[in-house]
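Chain by chain, the residues run as shown.
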Amino acid sequence: MRDVRALARLVQRASLYVLLVVLPFSKAAVEVLFGLLLLAWVIEHAPARWQSSLWRQASSRGLFTALSLYLGVCALSIVTSSFPLLSLRGFVGKTLEYVLLLVIAADVVRGPVAANRYGLAMSASAAVVCIDAIAQEYLGKDPALGNVLSKYFRMTGPYESPSDLATYLIVIIPIVLYQAAQLRWRGCWIIGALLVTLIGCLIRTGAQGAWLGLFVGVATLIALDRRRRKALLLGTAAAIV
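Remember, it's a predicted structure, so these values are computed and weren't measured experimentally.

Colleague: Which residues make up the overall build of the chain, and what are the values?
Modeller: Regarding its fold elements, the chain presents nine helices and zero strands. Along the chain, helices and strands appear, N-terminal first, in the series α-α-α-α-α-α-α-α-α. Relative to the compact-globule value of 18 Å for 241 residues, the chain shows a C-alpha radius of gyration of 19 Å, a close match. Over its C-alpha atoms, taken along the principal directions, the chain stretches across nearly 50 × 50 × 30 Å. When the accessible surface of the chain is summed, it comes to about 14,500 Å², and 69% of that surface belongs to carbon and sulfur atoms. Computing the positive centroid from 23 side-chain charges and the negative centroid from 11, the chain places the two 10 Å apart.

Colleague: Tell me about the packing of aromatic side chains, and name the residues and values.
Modeller: Taken as a whole and assessed by the stated rule, the structure comprises four aromatic pairs. Pairing Tyr 159 with Tyr 168 gives two aromatic rings, centres 5.8 Å apart and planes at 35 degrees, and the pair type is tilted. Note on accessibility: Tyr 159 and Tyr 168 belong to one class, buried.

Colleague: If you had to explain unusual backbone geometry to someone new, which residues and values would you point to?
Modeller: For Trp 50, which is not glycine, the phi dihedral falls at a positive 65 degrees. Mapping Trp 50 onto the fold places it in the loop between helix H2 (27-45) and helix H3 (61-80).

Colleague: Mind laying out the pattern of salt bridges, listing which residues take part and the relevant values?
Modeller: Per the stated rule, a full pass over the model turns up four salt bridges. Linking Lys 94 and Glu 31 is a salt bridge whose minimum nitrogen-to-oxygen distance equals 4.0 Å. With Lys 94 in helix H4 (residues 84-108) and Glu 31 in helix H2, this residue pair connects regions lying 63 residues apart in the sequence. On the basis of relative accessibility, which here comes to 35%, the residue Glu 31 falls in the partly exposed class. One salt bridge connects Arg 110 with Asp 107, and the closest N-O pair in it is separated by 2.8 Å. Overall, the relative accessible area of 34% leaves Arg 110 in the partly exposed class.

Colleague: Any chance you could break down the nonpolar core for me, citing the residues and the numbers?
Modeller: Counting 30 residues, the largest nonpolar core has Tyr 168, Leu 169, Ile 172, Ile 173, Val 176, Leu 198 and Leu 202 as the members making the most contacts within it. Elements represented by at least two residues in this core include exactly helix H5 (111-139), helix H6 (162-182), helix H7 (185-205) and helix H8 (210-224). Broken down by element, the residue count for this core peaks at 11 residues, all from H6. Contacts of Leu 169, omitting those with residues within four sequence positions, involve Pro 174, Leu 198, Cys 201, Leu 202 and Thr 205. Ranked by size, the runner-up nonpolar core spans 21 residues in total, among them Trp 41, Leu 67, Leu 71 and Val 103.

Colleague: Residue-level account of the environment of Thr 197, with values.
Modeller: The residue Thr 197 is located in helix H7 in this model. Along the chain, Thr 197 and Cys 130 lie 67 residues apart, while their C-alpha atoms are 7.1 Å from each other. Beyond its immediate sequence surroundings of up to four residues, Thr 197 is in contact with Cys 130 and Ile 134. Of the polar contacts made by the side chain of Thr 197, one reaches the backbone oxygen of Ala 193; its length is 2.8 Å.

Conventions used here
- Residues numbered from 1 in each chain as written.
- Predicted model: local features only at pLDDT ≥ 70, side-chain atom pairs only at ≥ 80, totals over all residues.
- Heavy atoms only, no water.
- Helix = DSSP H or I, 4+ residues; strand = E, 2+ residues; numbered from the N terminus.
- Rg over C-alpha atoms; globule rule 2.2 N^0.38 Å.
- Areas by Shrake-Rupley, 256 points an atom, 1.4 Å probe, with all protein chains shown as cover.
- Lys, Arg positive; Asp, Glu negative; His and termini not counted.
- Charge placed at Lys NZ, Arg CZ, Asp CG, Glu CD.
- Phe/Tyr/Trp six-rings, centres within 6.5 Å; stacked < 30°, edge-to-face > 60°.
- Buried < 20%, exposed > 50% of the residue type's maximum accessible area, 1.4 Å probe, protein only.
- Salt bridge = Lys/Arg side-chain N within 4 Å of Asp/Glu carboxyl O.
- Core = buried A, V, L, I, M, F, W, Y, C linked by side-chain atoms within 4.5 Å.
- Contact = heavy atoms within 4.5 Å.
- Polar contact = N/O pair within 3.5 Å; in protein donor to acceptor, adjacent residues only side chain to side chain.

If you want it as structure tokens, here you go:
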């Protein structure tokens, strides 16, 4: 049984790495990998009655309560919807799925070493998105999925609309900034160049509201990590300039 649980843990780690890379490019792959992650997660933790899960620890109760409240608020839309069955499908197939993905990822990515590795994987994926979006800028369509610039010539990259790309960028930019704050000078310059490119892509989406979300995310990082507060502030100031 121990070997089965170890295999399930390995499947989760590998699936999450692949998911982070393909997430911007394939919705179908996300659905398949989520099913694999969920199955392996249940196999690992169900035999121990979830005692081995991060979510049974006292330190996770605050986040668990927040997620529960979030799901409760989202579920209210089903009650007030003119199309309750359609709203229920969206709640189960999207909202609940992504919350479960967060829950599973928190169990898989434990400790600073694992978090740093997955953060670097996300940075590598972001670099691929940047290359795709910049190619779209010069070729008129992105080479990965063939999406063309929007009718107002705003960048979309591998996504269907500029707002979708902007949403991805305001999530990934704080993560890349945090990676840059942890690395030494040589690696810091490489990640810093990626950070500048990501911000350039965000500018080209023309999504003005995304900037509010970006700075809230960066401010949250600065508030949570006192040890790297100076590096994060310097990186944010450089990004603004």
